[in-house]
Amino acid sequence: MAPPDKARATFFEHFGALGASERVATDAALDRVTAREVRSPQALPSFPRSTMDGYAVRAADTFGASATLPAYLSVIGEVRMGDEARSPIDQAQTAIVHTGGMIPPGADAVVVLEHTQSVGESEIEVLKPVAVGENVLRVGEDIGQGVAVLPAGHRLRPQDLGGLLALGLTQINVARQPRVAIFATGDEVVPPRASPGPGQIRDINSSTLAGQTARAGGIPMLLGILPDAFDTLVSRTRAALAEADMLVLSAGSSVSVRDMTARVFDSLGAPGVLVHGVAVKPGHPTILGVAGGKPLIGLPGNPVSAMIIYDLFGVPTLLRLQGATSVPRRGVAWARLAKNIASESGREDYVAARLTEREGETWAEPVFGKSNLIFTLVNADGVLKVPLNANGLEAGTLVEVRLF
(Lines give C-alpha, C1' and ligand atoms only; values in the text may rest on other atoms or scores of the structure.)
Protein backbone atom coordinates (compact mmCIF):
# COMPACT_ATOMS: atom_id res chain seq x y z
CA MET A 1 0.00 0.00 0.00
CA ALA A 2 1.29 3.44 -0.95
CA PRO A 3 1.88 6.10 1.73
CA PRO A 4 -0.78 8.84 1.37
CA ASP A 5 1.62 11.55 0.17
CA LYS A 6 3.13 9.26 -2.47
CA ALA A 7 -0.32 8.09 -3.59
CA ARG A 8 -1.49 11.68 -3.95
CA ALA A 9 1.65 12.68 -5.90
CA THR A 10 1.23 9.73 -8.30
CA PHE A 11 -2.42 10.60 -8.78
CA PHE A 12 -1.77 14.31 -9.40
CA GLU A 13 0.82 13.60 -12.11
CA HIS A 14 -1.96 12.58 -14.49
CA PHE A 15 -4.32 15.57 -14.41
CA GLY A 16 -4.25 19.33 -13.86
CA ALA A 17 -6.48 22.37 -13.73
CA LEU A 18 -9.54 22.49 -15.96
CA GLY A 19 -8.42 25.86 -17.30
CA ALA A 20 -11.96 27.13 -17.89
CA SER A 21 -13.20 30.27 -16.16
CA GLU A 22 -16.33 32.33 -15.72
CA ARG A 23 -17.22 35.82 -14.48
CA VAL A 24 -19.37 35.98 -11.37
CA ALA A 25 -20.61 38.58 -8.90
CA THR A 26 -17.95 39.19 -6.24
CA ASP A 27 -20.42 38.93 -3.38
CA ALA A 28 -21.31 35.42 -4.58
CA ALA A 29 -17.71 34.25 -5.04
CA LEU A 30 -16.90 32.93 -1.55
CA ASP A 31 -14.53 29.92 -1.77
CA ARG A 32 -14.19 30.26 -5.55
CA VAL A 33 -10.70 30.29 -7.06
CA THR A 34 -9.36 33.30 -8.96
CA ALA A 35 -8.71 32.53 -12.61
CA ARG A 36 -6.23 35.38 -13.10
CA GLU A 37 -4.28 37.92 -11.13
CA VAL A 38 -6.35 40.81 -9.76
CA ARG A 39 -4.85 44.32 -9.70
CA SER A 40 -6.19 47.35 -7.90
CA PRO A 41 -7.86 49.88 -10.25
CA GLN A 42 -7.38 52.65 -7.69
CA ALA A 43 -5.56 53.61 -4.52
CA LEU A 44 -7.25 52.83 -1.24
CA PRO A 45 -7.96 55.03 0.62
CA SER A 46 -8.52 57.38 -2.28
CA PHE A 47 -8.36 60.43 0.01
CA PRO A 48 -6.63 61.10 3.37
CA ARG A 49 -8.92 59.97 6.18
CA SER A 50 -9.09 60.44 9.92
CA THR A 51 -8.94 57.35 12.12
CA MET A 52 -10.29 59.22 15.16
CA ASP A 53 -12.82 61.87 16.13
CA GLY A 54 -10.87 65.06 16.75
CA TYR A 55 -9.25 68.05 15.09
CA ALA A 56 -7.26 68.12 11.83
CA VAL A 57 -4.05 70.07 12.40
CA ARG A 58 -0.62 70.83 11.08
CA ALA A 59 1.50 68.67 13.38
CA ALA A 60 4.14 71.39 13.68
CA ASP A 61 1.57 73.65 15.37
CA THR A 62 1.26 71.17 18.26
CA PHE A 63 4.95 70.54 18.98
CA GLY A 64 5.76 71.22 22.64
CA ALA A 65 2.10 71.39 23.69
CA SER A 66 1.24 70.18 27.20
CA ALA A 67 -1.46 70.52 29.82
CA THR A 68 0.44 73.36 31.46
CA LEU A 69 1.51 75.03 28.22
CA PRO A 70 -1.13 74.24 25.59
CA ALA A 71 -1.06 75.21 21.93
CA TYR A 72 -3.92 77.51 20.85
CA LEU A 73 -5.57 76.88 17.48
CA SER A 74 -8.43 78.64 15.70
CA VAL A 75 -11.33 76.40 14.64
CA ILE A 76 -12.29 77.36 11.08
CA GLY A 77 -15.05 74.81 10.57
CA GLU A 78 -16.10 71.16 10.48
CA VAL A 79 -15.70 68.51 7.80
CA ARG A 80 -18.95 66.57 7.81
CA MET A 81 -18.99 62.85 6.98
CA GLY A 82 -19.31 62.26 3.25
CA ASP A 83 -18.35 65.85 2.37
CA GLU A 84 -15.24 66.97 0.54
CA ALA A 85 -12.85 69.06 2.65
CA ARG A 86 -12.20 72.18 0.56
CA SER A 87 -11.01 74.79 3.05
CA PRO A 88 -7.26 74.43 3.66
CA ILE A 89 -5.71 74.46 7.12
CA ASP A 90 -3.20 77.28 7.57
CA GLN A 91 -0.80 77.97 10.41
CA ALA A 92 -2.44 77.84 13.88
CA GLN A 93 -5.75 76.68 12.39
CA THR A 94 -7.78 73.50 12.79
CA ALA A 95 -11.05 71.87 11.69
CA ILE A 96 -13.31 69.34 13.37
CA VAL A 97 -13.11 65.89 11.70
CA HIS A 98 -14.80 62.57 12.37
CA THR A 99 -13.59 58.97 12.15
CA GLY A 100 -13.40 58.04 8.45
CA GLY A 101 -13.87 61.63 7.34
CA MET A 102 -11.66 63.50 4.88
CA ILE A 103 -8.60 65.43 6.09
CA PRO A 104 -8.54 69.06 4.83
CA PRO A 105 -5.69 70.24 2.59
CA GLY A 106 -2.72 71.46 4.62
CA ALA A 107 -3.45 69.22 7.62
CA ASP A 108 -1.13 66.27 8.26
CA ALA A 109 -2.34 64.90 11.63
CA VAL A 110 -5.37 64.62 13.90
CA VAL A 111 -5.51 65.49 17.58
CA VAL A 112 -8.05 63.31 19.41
CA LEU A 113 -10.85 65.07 21.29
CA GLU A 114 -9.58 63.86 24.68
CA HIS A 115 -6.38 65.84 24.21
CA THR A 116 -8.12 69.15 23.54
CA GLN A 117 -10.15 71.70 25.45
CA SER A 118 -12.52 74.32 24.06
CA VAL A 119 -11.79 77.99 24.64
CA GLY A 120 -14.86 79.87 23.48
CA GLU A 121 -16.66 78.99 20.26
CA SER A 122 -13.81 79.13 17.77
CA GLU A 123 -10.64 78.25 19.64
CA ILE A 124 -9.21 75.15 21.31
CA GLU A 125 -6.29 74.27 23.51
CA VAL A 126 -4.16 71.31 22.38
CA LEU A 127 -2.85 69.53 25.48
CA LYS A 128 -0.60 66.97 23.78
CA PRO A 129 1.51 67.09 20.61
CA VAL A 130 0.97 64.83 17.60
CA ALA A 131 3.44 63.61 15.01
CA VAL A 132 3.07 63.95 11.25
CA GLY A 133 0.66 61.25 10.05
CA GLU A 134 -0.70 60.47 13.50
CA ASN A 135 -4.35 59.30 13.42
CA VAL A 136 -4.42 59.70 9.61
CA LEU A 137 -4.73 57.16 6.80
CA ARG A 138 -2.73 58.36 3.81
CA VAL A 139 -3.81 57.91 0.19
CA GLY A 140 -2.86 54.39 -0.91
CA GLU A 141 -1.83 53.29 2.58
CA ASP A 142 -4.09 50.22 2.33
CA ILE A 143 -3.36 49.41 -1.31
CA GLY A 144 -1.79 51.39 -4.16
CA GLN A 145 -3.20 51.80 -7.65
CA GLY A 146 -2.10 49.05 -10.04
CA VAL A 147 -0.77 46.86 -7.24
CA ALA A 148 -1.47 43.09 -7.38
CA VAL A 149 -4.29 42.43 -4.92
CA LEU A 150 -4.75 38.68 -5.34
CA PRO A 151 -2.78 36.12 -7.37
CA ALA A 152 -4.30 33.63 -9.78
CA GLY A 153 -5.24 30.41 -8.04
CA HIS A 154 -6.28 32.10 -4.80
CA ARG A 155 -9.30 30.68 -2.99
CA LEU A 156 -11.48 33.60 -1.99
CA ARG A 157 -12.12 34.24 1.71
CA PRO A 158 -14.66 36.64 3.27
CA GLN A 159 -12.01 39.34 3.76
CA ASP A 160 -10.96 38.97 0.11
CA LEU A 161 -14.50 39.72 -1.02
CA GLY A 162 -14.56 42.80 1.19
CA GLY A 163 -11.29 44.06 -0.26
CA LEU A 164 -12.45 43.57 -3.83
CA LEU A 165 -15.74 45.35 -3.21
CA ALA A 166 -13.90 48.22 -1.51
CA LEU A 167 -12.13 48.73 -4.84
CA GLY A 168 -15.40 48.67 -6.76
CA LEU A 169 -14.66 45.24 -8.27
CA THR A 170 -18.19 43.89 -8.25
CA GLN A 171 -17.39 41.03 -10.64
CA ILE A 172 -14.41 38.70 -10.80
CA ASN A 173 -13.06 35.95 -13.06
CA VAL A 174 -12.98 32.62 -11.27
CA ALA A 175 -12.23 29.04 -12.25
CA ARG A 176 -15.20 27.01 -13.37
CA GLN A 177 -16.52 24.72 -10.66
CA PRO A 178 -15.71 21.06 -11.34
CA ARG A 179 -18.74 18.82 -11.84
CA VAL A 180 -18.46 15.66 -9.74
CA ALA A 181 -20.46 12.56 -10.64
CA ILE A 182 -21.22 10.67 -7.41
CA PHE A 183 -22.55 7.11 -7.32
CA ALA A 184 -23.20 4.72 -4.47
CA THR A 185 -22.86 1.05 -5.38
CA GLY A 186 -24.14 -2.23 -4.03
CA ASP A 187 -27.26 -4.39 -4.20
CA GLU A 188 -27.75 -3.88 -0.47
CA VAL A 189 -27.92 -0.08 -0.69
CA VAL A 190 -31.28 1.71 -0.87
CA PRO A 191 -32.20 5.43 -1.05
CA PRO A 192 -32.48 7.29 2.27
CA ARG A 193 -36.25 7.68 1.86
CA ALA A 194 -36.76 3.93 1.56
CA SER A 195 -37.36 1.59 4.48
CA PRO A 196 -34.47 -0.89 4.42
CA GLY A 197 -35.39 -4.54 4.35
CA PRO A 198 -33.37 -7.33 5.94
CA GLY A 199 -29.72 -7.00 4.90
CA GLN A 200 -30.22 -3.54 3.37
CA ILE A 201 -28.79 -0.14 4.37
CA ARG A 202 -29.59 3.43 3.44
CA ASP A 203 -27.22 5.37 1.17
CA ILE A 204 -25.69 8.13 3.28
CA ASN A 205 -22.34 8.38 1.50
CA SER A 206 -23.75 10.21 -1.52
CA SER A 207 -25.05 13.07 0.61
CA THR A 208 -21.96 13.39 2.81
CA LEU A 209 -19.68 13.37 -0.24
CA ALA A 210 -21.91 15.95 -1.92
CA GLY A 211 -21.51 18.21 1.11
CA GLN A 212 -17.74 17.85 1.07
CA THR A 213 -17.72 18.50 -2.68
CA ALA A 214 -19.75 21.70 -2.35
CA ARG A 215 -17.51 22.98 0.46
CA ALA A 216 -14.46 22.45 -1.77
CA GLY A 217 -15.98 24.43 -4.64
CA GLY A 218 -17.32 21.56 -6.73
CA ILE A 219 -20.80 20.90 -8.09
CA PRO A 220 -22.06 17.50 -6.88
CA MET A 221 -24.08 15.41 -9.31
CA LEU A 222 -25.95 12.80 -7.27
CA LEU A 223 -26.63 10.04 -9.78
CA GLY A 224 -28.10 7.35 -7.57
CA ILE A 225 -27.24 3.78 -6.67
CA LEU A 226 -25.64 1.28 -9.05
CA PRO A 227 -26.10 -2.48 -8.71
CA ASP A 228 -23.27 -4.98 -8.50
CA ALA A 229 -23.40 -5.61 -12.25
CA PHE A 230 -20.25 -4.91 -14.24
CA ASP A 231 -21.91 -3.94 -17.54
CA THR A 232 -24.29 -1.55 -15.80
CA LEU A 233 -21.46 -0.03 -13.80
CA VAL A 234 -19.42 0.60 -16.95
CA SER A 235 -22.25 2.04 -19.04
CA ARG A 236 -23.57 4.35 -16.32
CA THR A 237 -20.16 5.63 -15.20
CA ARG A 238 -19.01 6.19 -18.79
CA ALA A 239 -22.12 8.25 -19.52
CA ALA A 240 -21.68 10.22 -16.30
CA LEU A 241 -17.99 10.91 -16.94
CA ALA A 242 -18.86 12.36 -20.35
CA GLU A 243 -20.80 15.10 -18.54
CA ALA A 244 -18.61 15.45 -15.43
CA ASP A 245 -15.04 16.45 -14.62
CA MET A 246 -14.53 13.84 -11.91
CA LEU A 247 -16.07 10.50 -10.93
CA VAL A 248 -16.55 9.14 -7.41
CA LEU A 249 -17.82 5.68 -6.49
CA SER A 250 -18.42 4.68 -2.89
CA ALA A 251 -18.12 0.99 -2.02
CA GLY A 252 -16.61 -1.50 -4.40
CA SER A 253 -12.95 -0.77 -3.57
CA SER A 254 -11.89 -3.85 -1.62
CA VAL A 255 -10.74 -7.25 -2.87
CA SER A 256 -14.11 -8.98 -2.75
CA VAL A 257 -15.10 -10.80 -5.91
CA ARG A 258 -18.13 -8.48 -6.19
CA ASP A 259 -16.07 -5.29 -5.80
CA MET A 260 -15.52 -4.22 -9.39
CA THR A 261 -14.49 -0.56 -9.16
CA ALA A 262 -10.90 -1.18 -10.28
CA ARG A 263 -12.07 -3.09 -13.36
CA VAL A 264 -14.61 -0.37 -14.14
CA PHE A 265 -11.95 2.36 -13.86
CA ASP A 266 -9.62 0.47 -16.18
CA SER A 267 -12.42 0.19 -18.73
CA LEU A 268 -13.08 3.94 -18.81
CA GLY A 269 -9.80 4.93 -20.46
CA ALA A 270 -6.06 5.30 -20.01
CA PRO A 271 -4.16 5.23 -17.78
CA GLY A 272 -6.86 3.69 -15.59
CA VAL A 273 -6.08 2.62 -12.03
CA LEU A 274 -2.95 4.28 -10.61
CA VAL A 275 -3.23 3.42 -6.91
CA HIS A 276 -5.11 0.52 -5.35
CA GLY A 277 -4.53 0.59 -1.62
CA VAL A 278 -3.27 3.40 0.60
CA ALA A 279 -1.41 3.06 3.91
CA VAL A 280 -4.09 4.76 5.96
CA LYS A 281 -6.70 3.68 8.49
CA PRO A 282 -9.58 3.84 7.99
CA GLY A 283 -9.81 3.60 4.22
CA HIS A 284 -6.83 1.53 3.06
CA PRO A 285 -8.63 -0.07 0.03
CA THR A 286 -8.95 3.32 -1.69
CA ILE A 287 -8.63 3.36 -5.50
CA LEU A 288 -7.28 6.32 -7.45
CA GLY A 289 -7.31 6.45 -11.23
CA VAL A 290 -7.54 8.75 -14.24
CA ALA A 291 -9.38 8.34 -17.54
CA GLY A 292 -8.85 10.83 -20.33
CA GLY A 293 -7.45 13.42 -17.93
CA LYS A 294 -10.40 13.10 -15.52
CA PRO A 295 -9.78 11.87 -11.96
CA LEU A 296 -11.53 8.76 -10.67
CA ILE A 297 -11.85 7.98 -6.96
CA GLY A 298 -13.09 4.71 -5.52
CA LEU A 299 -14.00 4.99 -1.85
CA PRO A 300 -14.72 2.35 0.77
CA GLY A 301 -18.41 1.92 1.50
CA ASN A 302 -18.10 2.52 5.22
CA PRO A 303 -19.17 6.13 5.85
CA VAL A 304 -16.33 7.06 8.23
CA SER A 305 -13.73 5.73 5.79
CA ALA A 306 -15.43 7.42 2.84
CA MET A 307 -15.49 10.84 4.49
CA ILE A 308 -11.91 10.74 5.77
CA ILE A 309 -10.50 9.46 2.48
CA TYR A 310 -12.46 12.02 0.47
CA ASP A 311 -11.04 14.74 2.69
CA LEU A 312 -7.52 13.40 2.05
CA PHE A 313 -7.86 12.89 -1.71
CA GLY A 314 -11.16 14.21 -3.07
CA VAL A 315 -10.95 17.72 -1.65
CA PRO A 316 -7.35 18.31 -2.83
CA THR A 317 -8.37 16.97 -6.24
CA LEU A 318 -11.18 19.52 -6.52
CA LEU A 319 -8.84 22.35 -5.58
CA ARG A 320 -6.30 21.15 -8.16
CA LEU A 321 -8.98 21.06 -10.86
CA GLN A 322 -9.74 24.70 -10.04
CA GLY A 323 -6.07 25.66 -10.25
CA ALA A 324 -5.87 26.61 -6.59
CA THR A 325 -2.33 27.44 -5.51
CA SER A 326 -3.23 29.24 -2.30
CA VAL A 327 -5.47 27.13 -0.09
CA PRO A 328 -6.71 28.58 3.21
CA ARG A 329 -5.69 26.40 6.11
CA ARG A 330 -8.63 24.55 7.54
CA GLY A 331 -9.57 25.05 11.17
CA VAL A 332 -7.29 23.25 13.61
CA ALA A 333 -7.07 23.00 17.36
CA TRP A 334 -4.13 21.93 19.47
CA ALA A 335 -5.06 19.75 22.40
CA ARG A 336 -3.72 17.25 24.92
CA LEU A 337 -4.53 13.65 24.09
CA ALA A 338 -6.79 12.23 26.79
CA LYS A 339 -6.16 8.51 26.11
CA ASN A 340 -3.49 6.33 24.54
CA ILE A 341 -3.99 5.52 20.86
CA ALA A 342 -2.53 2.34 19.43
CA SER A 343 -1.27 2.22 15.84
CA GLU A 344 1.04 0.31 13.52
CA SER A 345 4.22 1.69 12.00
CA GLY A 346 3.96 2.29 8.27
CA ARG A 347 0.36 3.44 8.35
CA GLU A 348 -1.34 6.81 8.97
CA ASP A 349 -4.25 6.53 11.35
CA TYR A 350 -7.06 9.06 11.60
CA VAL A 351 -9.07 9.00 14.82
CA ALA A 352 -12.23 10.96 15.49
CA ALA A 353 -11.89 13.21 18.51
CA ARG A 354 -14.12 15.32 20.72
CA LEU A 355 -12.70 18.46 22.34
CA THR A 356 -13.22 19.24 26.01
CA GLU A 357 -11.92 21.88 28.42
CA ARG A 358 -10.21 20.97 31.69
CA GLU A 359 -8.69 23.55 34.01
CA GLY A 360 -8.07 26.02 31.23
CA GLU A 361 -6.56 23.49 28.78
CA THR A 362 -8.07 21.83 25.72
CA TRP A 363 -8.13 18.02 25.64
CA ALA A 364 -8.82 15.68 22.72
CA GLU A 365 -10.96 12.72 23.71
CA PRO A 366 -10.73 9.93 21.08
CA VAL A 367 -14.10 8.74 19.80
CA PHE A 368 -13.36 5.13 18.99
CA GLY A 369 -15.67 3.29 16.63
CA LYS A 370 -15.70 1.05 13.59
CA SER A 371 -15.62 2.66 10.16
CA ASN A 372 -19.24 1.77 9.37
CA LEU A 373 -20.60 3.82 12.29
CA ILE A 374 -21.43 7.33 11.05
CA PHE A 375 -22.21 8.63 14.54
CA THR A 376 -18.54 8.20 15.36
CA LEU A 377 -18.11 11.37 13.31
CA VAL A 378 -21.40 12.98 14.33
CA ASN A 379 -20.20 12.89 17.95
CA ALA A 380 -16.75 14.27 17.13
CA ASP A 381 -15.36 17.75 16.54
CA GLY A 382 -12.64 16.62 14.14
CA VAL A 383 -9.96 14.00 13.49
CA LEU A 384 -6.41 13.71 14.73
CA LYS A 385 -3.62 12.07 12.76
CA VAL A 386 -1.27 9.40 14.03
CA PRO A 387 1.86 9.85 11.86
CA LEU A 388 2.91 7.23 9.32
CA ASN A 389 5.79 5.68 11.25
CA ALA A 390 4.53 6.16 14.80
CA ASN A 391 3.60 3.20 16.98
CA GLY A 392 0.70 5.09 18.49
CA LEU A 393 0.40 8.18 20.67
CA GLU A 394 0.59 8.43 24.45
CA ALA A 395 -1.93 10.24 26.61
CA GLY A 396 -0.80 13.78 27.34
CA THR A 397 0.82 14.24 23.92
CA LEU A 398 0.04 17.57 22.24
CA VAL A 399 -1.90 16.71 19.07
CA GLU A 400 -3.37 18.67 16.19
CA VAL A 401 -7.08 18.11 15.62
CA ARG A 402 -8.35 18.91 12.12
CA LEU A 403 -11.79 20.36 12.74
CA PHE A 404 -14.79 19.38 10.67
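The structure contained in this document is the topic of the report that follows.

### Here we look at the overall build of the protein chain
Looking only at helices and strands, one finds seven helices and 26 strands in the protein chain. Its C-alpha radius of gyration of 30 Å places the protein chain more than 25% over the 22 Å reference for a compact globule of 404 residues. Across its three principal directions, the C-alpha atoms of the protein chain cover 95 × 50 × 40 Å. Look at the contacts in the protein chain between residues 6 or more apart in sequence, and 72% of them connect residues 24 or more apart. Carbon and sulfur atoms provide 51% of the accessible area of the protein chain, an area that totals close to 19400 Å². Across the protein chain, the centroid of the 36 positively charged side chains sits 10 Å from that of the 41 negatively charged ones.

### Thoughts on the side chain of Thr185
One can find Thr185 in strand β13 (residues 179-185). Thr185 gets classed as buried once you look at its relative accessible area, which sits at 6%.

### Structural notes on the packing of helix α4 (residues 230-243) against helix α5 (residues 261-268)
As a packed pair, α4 and α5 sit with axes 10 Å apart at the nearest point and diverge in direction by 50 degrees. If you check the angle between α4 and α5, you find them oblique. You can see that α4 and α5 cross each other, and the crossing is right-handed. Judged by residue contacts, Phe230, Leu233, Val234, Thr237, Arg238 and Leu241 of α4 engage Arg263, Val264, Ser267 and Leu268 from α5. Looking at side-chain class alone, the contact of α4 with α5 contains six nonpolar, two polar and two charged residues.

### Some remarks on the sheet that holds strand β20 (residues 287-291)
The sheet built from six strands is open, its strands ordered β16-β13-β17-β21-β20-β18 with mixed pairing. Here the strands that pair on one side only, and so sit at the sheet edges, are β16 (219-226) and β18 (271-276). Adjacent strand axes in the sheet meet at a mean angle of 20 degrees when their direction is disregarded. Strand direction decides the pairing type here: β18 and β20, joined by five bridges, are antiparallel. Directly across from Pro271, in β20, lies its bridge partner Ala291.

### Quick word on unusual backbone geometry
Here the bond from Leu44 into Pro45 is cis, since omega is -5 degrees, no more than 30 degrees from zero. Residue Ala270 is joined to Pro271 through a cis peptide bond whose omega torsion reads 0 degrees. Along the chain, the position of Pro271 falls in strand β18. The phi dihedral of Asn135 is positive, around 65 degrees, even though this residue is not glycine. Structurally, the position occupied by Asn135 is in the loop between β9 (123-126) and β10 (136-137). In this structure, Glu359 is a non-glycine residue whose phi angle is positive, near 50 degrees. Residue placement: Glu359 occurs in the loop between β23 (348-358) and β24 (361-366).

### Thoughts on the pairing of β23
As paired strands, strand β19 (residues 280-281) and β23 are joined by two bridges and run parallel to one another. What sits directly across from Lys281, in β23, is Asp349. Strand direction decides the pairing type here: β23 and strand β25 (residues 382-386), joined by five bridges, are antiparallel. Note that in β25 the partner of Tyr350 across the bridge is Lys385.

### Examining the pattern of salt bridges
Under the counting rule described, the total for this entry stands at 15 salt bridges. Its salt-bridge partner being Glu84, residue Arg86 comes within 3.4 Å of it at the nearest N-O pair. The exposure class assigned to Arg86 is exposed, which follows from its relative accessible area of 64%. Residue Asp245 pairs with Arg176 through a salt bridge whose shortest N-O separation is 2.9 Å. Within this pair, whereas Asp245 is found in the loop between α4 and β17 (246-250), its partner Arg176 is found in the loop between β12 (171-175) and β13, the two being separated by 69 residues in sequence. Bridged by salt links that share partners, the residues Arg176, Arg179 and Asp245 form one connected network.

### Digging into the sheet that holds strand β8 (residues 116-118)
Across a sheet, paired strands are connected by hydrogen bonds in the backbone, their directions being either parallel or antiparallel. Strand order in the open sheet formed by six strands is β7-β4-β6-β5-β9-β8, and the pairing between neighbours is mixed. Each edge of the sheet is formed by a strand with only one pairing partner; in this case those strands are β7 (109-112) and β8. When strand polarity is set aside, the average angle formed by the axes of neighbouring strands in this sheet is 40 degrees. When strand β4 (residues 54-57) meets β7, the two strands line up antiparallel, connected through four bridges. In the strand pairing of β7, Val57 is matched with Ala109.

### Thoughts on the environment of Leu113
Inspection of the secondary structure assignment puts Leu113 in the loop between β7 and β8. Through-space distance from the C-alpha of Leu113 to that of Leu249 is 66 Å; in sequence the pair is 136 residues apart. If sequence neighbours within four positions are ignored, Leu113 has contacts with Asp53, Gly54 and Tyr55.

Definitions and cut-offs
- Each chain carries its own residue numbering, running from 1 in the written order of its sequence.
- The predicted origin of the model limits local features to residues at a pLDDT of at least 70 and limits the giving and counting of side-chain atom pairs to 80 or more, whereas totals for whole chains, interfaces and linings rest on all residues.
- Hydrogens are left out, water is left out, and the side-chain values use all remaining heavy atoms of the structure.
- Under the DSSP-based scheme used, a helix requires at least four consecutive residues in state H or I and a strand at least two consecutive residues in state E, with every element numbered from the N terminus.
- Note on method: radius of gyration uses C-alpha positions; expected globular size equals 2.2 Å times residues raised to 0.38.
- Contacts: residue pairs with any heavy atoms within 4.5 Å of one another.
- The protein chains shown are the only cover counted for residues, whose accessible areas, like all others here, come from Shrake-Rupley with a 1.4 Å probe.
- In this charge count, Lys and Arg are treated as positive and Asp and Glu as negative; neither His nor the chain ends contribute.
- Every charge is mapped to an atom, namely NZ of Lys, CZ of Arg, CG of Asp or CD of Glu.
- Using a 1.4 Å probe on the protein chains alone, a residue whose accessible area is under 20% of its type maximum counts as buried, one over 50% counts as exposed, and one in between counts as partly exposed.
- The angle between two axes is taken between their N-to-C directions and runs from 0 to 180 degrees, where each axis is a line fitted to C-alpha atoms and a helix contributes only its stretch in contact.
- Every angle not falling under 35 degrees, over 145, or within 65 to 115 is termed oblique; those three ranges are roughly parallel, roughly antiparallel and roughly perpendicular.
- Handedness of a crossing is defined here by the sense of rotation of the near helix relative to the far one, left-handed for an anticlockwise turn of less than a right angle and right-handed for a clockwise turn.
- Each residue gets one label: Ala, Val, Leu, Ile, Met, Phe, Trp, Tyr, Cys and Pro are nonpolar, Asp, Glu, Lys and Arg are charged, and the others, such as Gly, are polar.
- Here, strands pair whenever DSSP counts at least two bridges between them.
- The term salt bridge refers to a side-chain nitrogen of Lys or Arg lying within 4 Å of a carboxyl oxygen of Asp or Glu.

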